[in-house]
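Results of the structural survey
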Amino acid sequence: MIERQGEAIVLRVWPFQEADLLVSLFTREQGRVKGVARHAMRSRRRFGGALEPMTYVRATYAERPKQELMRLDAFEILSSPLSRPIDYARTAALQFVAEVVEEALPEQAPEDAVFRLVLAVLDQIQVGKVWLPVTYFSLWMSRLMGWMPELGHCVVCGLDLRGGTVWYSATSDGVTCADDRRGGSVALSAASAGEAVRIFRGTVGELAKEDWPKDRVADLRRFAVETLERHLERRLVSARALGRA
Ligand SMILES: [Zn+2]
């Protein structure tokens, strides 16, 4: 048995046997792991409110020989999403981050850059201010996974697309100029492509000082979410929920 303690983010929780809970946890040191919180539905002492998805915790857990599931011993809350006001859009945005991390990361592969990205956006996902952190997270997550196409040039003819409209398709890699656009392509406006450049250069905290209503860079957010979905090879349930917010 290897005892461990470290920072982690709760992604998902399922009822397990009897009063146990199965927890998907994104740990800083080991990446995504799954573990069992024994008697967690009865014992509030060891886990308290720490099993709410997207709670940032210090987790004490143990790896058991020849067993895939960790034994979760205790969580200490470092930051809870419930400590600030909550509404439908904020809940959907938090679920979106959890779902993408859950789907994108393999188990037991440390991803410190993703961990830092999640902590940074979590802090910014607040009531009335979800759209920038969701867009920032989607673009950066795609980039960190190696899925973000280069937006500056047409993948077919090499034309410099900076300052102009960019076309992308849900079925093929890269972006194109208008002449080379493939069937079913969608346009990403020049303004939004420019905002993508700013997002890749700035911090979410700095950018959040500006106003980002839902319709600002809506096409860029759609592009980023569709890039994630294309590589995950599935639709993100939480992205649909977020769209209804
Ligand atoms: Zn072209």
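- Named according to an unreviewed UniProt entry, the chain is DNA repair protein RecO originating from Tunturiibacter gelidiferens.
- Check the Function (unreviewed entry) section of the UniProt entry for the chain; it says "Involved in DNA repair and RecF pathway recombination."
- Its UniProt record gives the chain the following Sequence similarities (unreviewed entry) comment, quoted word for word: "Belongs to the RecO family."

Concerning the nonpolar core
- If you look at the biggest cluster of nonpolar residues, it comprises 64 residues, and the most contacted ones within it are Phe96, Val118, Phe137 and Met141.
- No fewer than three residues from each of domain 1 (2-83) and domain 2 (88-243) sit in this core.
- With residues near it in sequence (within four places) discarded, Val118 still touches Ile9, Phe26, Met54, Val97, Val101 and Phe137.
- Counting 17 residues, the second-largest nonpolar core is a separate cluster that includes Leu21, Val33, Ala37 and Leu72.

Side note on the coordination of the zinc ion
- Within the first shell, the zinc ion binds the protein through Cys154 (SG), Cys157 (SG), Cys177 (SG) and Asp180 (OD), at distances of 2.0 to 2.3 Å.
- For the zinc ion, the four donor atoms in the first shell make angles of 101 to 120 degrees at the metal, a pattern classed as tetrahedral.
- Coordination of the zinc ion draws on donor residues from a single chain, spaced C-x2-C-x19-C-x2-D in sequence. On the criterion of sequence distance, the pair formed by Cys154 in the loop between helix 4 (131-144) and strand 6 (166-168) and Asp180 in the loop between strand 7 (175-176) and strand 8 (186-188) is long-range, its members being 26 residues apart.

Focus on the sheet that holds strand 4 (residues 56-63)
- The five strands are arranged 1-2-3-5-4 in a closed barrel whose pairing can be described as mixed. Strand after strand, the sheet turns through a mean of 50 degrees between neighbouring axes, direction not considered.
- Strand direction decides the pairing type here: strand 3 (residues 31-37) and strand 5 (residues 70-79), joined by three bridges, are parallel. Within strand 5, the residue paired with Gly35 across the bridge is Met70.
- Helix 2 (residues 88-104) contacts strand 1 (2-15), strand 2 (21-27) and strand 3 of the sheet and is inclined by roughly 115 degrees relative to strand 1.
- Across the sheet, helix 3 (residues 112-124) is in contact with strand 1, strand 2 and strand 4; its angle to strand 1 comes to roughly 60 degrees.

Here we look at the domain arrangement of the chain
- We note that the domain assignment places domain 1 (2-83) and domain 2 (88-243) within the chain.
- Each side of the interface is counted separately: domain 1 has 20 residues, and domain 2 has 20 residues.
- A combined buried area of about 1800 Å² lies between domain 1 and domain 2, and 60% of that area is made up of carbon and sulfur atoms.
- When residues of domain 1 are sorted by the area they lose upon contact with domain 2, Arg28, Arg32 and Met54 head the list and together hold 40% of the total.
- Linking domain 1 with domain 2 are three salt bridges, by the criterion used here.
- In this structure, Arg28 and Asp112 form a salt bridge, with 2.8 Å as the shortest nitrogen-oxygen distance.
- In this assembly, domain 1 and domain 2 are joined by eight residue pairs in polar contact (both at pLDDT 80 or more).
- For the side of domain 1 that touches domain 2, the secondary structure elements donating two or more residues are strand 1, strand 2 and strand 3.
- The element that contributes the greatest number of residues to the side of domain 1 that touches domain 2 is strand 1, accounting for six residues.
- Class assignment of the residues belonging to the side of domain 1 that touches domain 2 gives a composition of 10 nonpolar, four polar and six charged.

Quick notes on the rules
Residues numbered from 1 in each chain as written. Predicted model: local features only at pLDDT ≥ 70, side-chain atom pairs only at ≥ 80, totals over all residues. Heavy atoms only, no water. UniProt positions renumbered as here; feature names shortened; annotations may be inferred. Core = buried A, V, L, I, M, F, W, Y, C linked by side-chain atoms within 4.5 Å. Buried < 20%, exposed > 50% of the residue type's maximum accessible area, 1.4 Å probe, protein only. Domains from an automatic or database assignment. Contact = heavy atoms within 4.5 Å. Donors = N, O, S within 2.8 Å, 3.2 Å for Na, K, Ca; no water. Tetrahedral: all angles 85-135°; square planar, octahedral: opposite > 155°, others 65-115°. Helix = DSSP H or I, 4+ residues; strand = E, 2+ residues; numbered from the N terminus. Pairing = 2+ DSSP bridges. Axes fitted to C-alpha atoms, helices over the stretch in contact; angles between N-to-C directions. Buried area = accessible area lost by both parts, 1.4 Å probe. Salt bridge = Lys/Arg side-chain N within 4 Å of Asp/Glu carboxyl O. Polar contact = N/O pair within 3.5 Å; in protein donor to acceptor, adjacent residues only side chain to side chain. Nonpolar A, V, L, I, M, F, W, Y, C, P; charged D, E, K, R; others polar.

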